[in-house]
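Residue-level listing of the chains:
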Amino acid sequence: MKRAIASFFILLSVLMFFTGCVTRPGKSESIVLHFHHHSGIDIDCELTGDEASDIRKMLSGKFLNLDSGVSSCGFSESVSIEIGGKLYCPACDGCTSVYDANKKRYFEITAEERARLEEIFENHGGGFPCV
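Residues numbered from 1 in each chain as written. Predicted model: local features only at pLDDT ≥ 70, side-chain atom pairs only at ≥ 80, totals over all residues. Heavy atoms only, no water.

*Asks:* What should I look at first to understand the sheet that holds strand S1 (residues 31-36) in this one?
*Replies:* Strand order in the open sheet made by the six strands is S2-S1-S3-S4-S5-S6, with antiparallel pairing throughout. The two strands at the open ends of the sheet, each matched to only one other strand, are strand S2 (42-47) and strand S6 (105-108). Sheet twist, expressed as the average angle between the axes of neighbouring strands with direction ignored, equals 25 degrees. Examined bridge by bridge, S1 and S2 share six bridges and lie antiparallel to one another. Note on S2: the bridge partner recorded for histidine 34 is aspartate 44. Packing against the sheet, helix H2 (residues 49-59) makes contact with S1, S2, strand S3 (79-83), strand S4 (86-90) and S6, and its axis sits at approximately 95 degrees to S3. (Pairing = 2+ DSSP bridges. Helix = DSSP H or I, 4+ residues; strand = E, 2+ residues; numbered from the N terminus. Axes fitted to C-alpha atoms, helices over the stretch in contact; angles between N-to-C directions. Contact = heavy atoms within 4.5 Å.)

Set out below in structure tokens:
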């Protein structure tokens, strides 16, 4: 019985992955950080090396969900990460939610991932909160 239940959940996870319920940023596409703030900061830069690898890891394999109240965190395509034309918008107020602008859904990253994301933005002149 336990084996059947485990098999069911594995199958369900695989199906969710292939049907778009999980984030899958492209592995070979460039990663561009966008930060356009009303204070006059305008940044568009391509990430490489460890920063690109870290971003790809933190945005991959996350389960997408509907709003469930996280839209109040504040998201903007002006503060986003672009991977192969797909936009991922971290919450502008610093919460751990990210908006997948293409699928119009949200997902969560860990506090550690959020700290690394903010560090990457700061390395290129951006900063949080950016509301």
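*Asks:* How should I be thinking about the packing of aromatic side chains in this particular structure?
*Replies:* For any two aromatic rings, the description comes down to two numbers: the centre-to-centre distance and the angle of the planes. A full pass over the atoms with the stated rule returns seven aromatic pairs. Measuring from centroid to centroid gives 6.0 Å for phenylalanine 75 and tyrosine 99, while their planes differ by 45 degrees, and the two rings are tilted. Here phenylalanine 75 is found in the loop between H2 and S3, whereas its partner tyrosine 99 is found in strand S5 (residues 97-100), with 24 residues between them in sequence. On the accessibility criterion, tyrosine 99 (17% relative accessible area) is buried. With 5.3 Å between their ring centres and 55 degrees between their planes, phenylalanine 75 and tyrosine 106 make a pair best called tilted. Of this pair, phenylalanine 75 sits in the loop between H2 and S3 while tyrosine 106 sits in strand S6, and the two are 31 residues apart along the sequence. Judged by its relative accessible area of 10%, tyrosine 106 falls in the buried class. In this structure an aromatic cluster arises from ring pairing among Phe35, Phe121 and Phe128. Sitting over the ring of phenylalanine 128, arginine 114 keeps its end group 4.5 Å from the ring centre. (Phe/Tyr/Trp six-rings, centres within 6.5 Å; stacked < 30°, edge-to-face > 60°. Buried < 20%, exposed > 50% of the residue type's maximum accessible area, 1.4 Å probe, protein only. Lys NZ or Arg CZ within 6 Å of the ring centre and 35° of its normal.)

*Asks:* I'm lost on the pattern of salt bridges in this one. Help?
*Replies:* Applying the stated rule across the entire model yields four salt bridges. Notably, a salt bridge pairs arginine 116 with aspartate 54, separated by 2.7 Å at the nearest N-O pair. Taken as a pair, arginine 116 in helix H3 (residues 111-123) and aspartate 54 in helix H2 lie far apart in primary sequence, 62 residues in all. Taking relative accessible area as the criterion, aspartate 54 reaches 24% and is therefore assigned partly exposed. Connected through salt bridges with shared partners, the residues Asp54, Arg116 and Glu119 form a single ionic network. (Salt bridge = Lys/Arg side-chain N within 4 Å of Asp/Glu carboxyl O.)

*Asks:* Just to check I follow, could you spell out H2 for this structure?
*Replies:* Along an α-helix, residues three or four apart share an orientation, since each turn contains 3.6 residues. For H2, the full list of buried residues reads Glu51, Ala52, Ile55, Arg56, Met58 and Leu59. On its buried face, H2 sits against S1, S2, S3, S4, S6 and H3. Glycine 61 sits one or two residues past H2 and shows a positive phi near 75 degrees.

*Asks:* Explanation requested: the nonpolar core in the structure shown.
*Replies:* General note: in soluble globular proteins, nonpolar side chains tend to be found buried as a group. Formed by 24 residues in total, the largest nonpolar core has its most connected members in Leu33, Leu47, Ile55, Leu59, Ile81 and Phe121. Going through the elements one at a time, S1, S2, H2, S3 and H3 are the ones with two or more residues in this core. By residue number, the principal contributor to this core is H2, which donates four residues. Not counting chain neighbours up to four residues away, the residues in contact with isoleucine 55 comprise Ile31, Leu47, Ile81, Ile83, Leu117 and Ile120. (Core = buried A, V, L, I, M, F, W, Y, C linked by side-chain atoms within 4.5 Å.)

The values reported here are purely geometric and, on their own, carry no functional implication.
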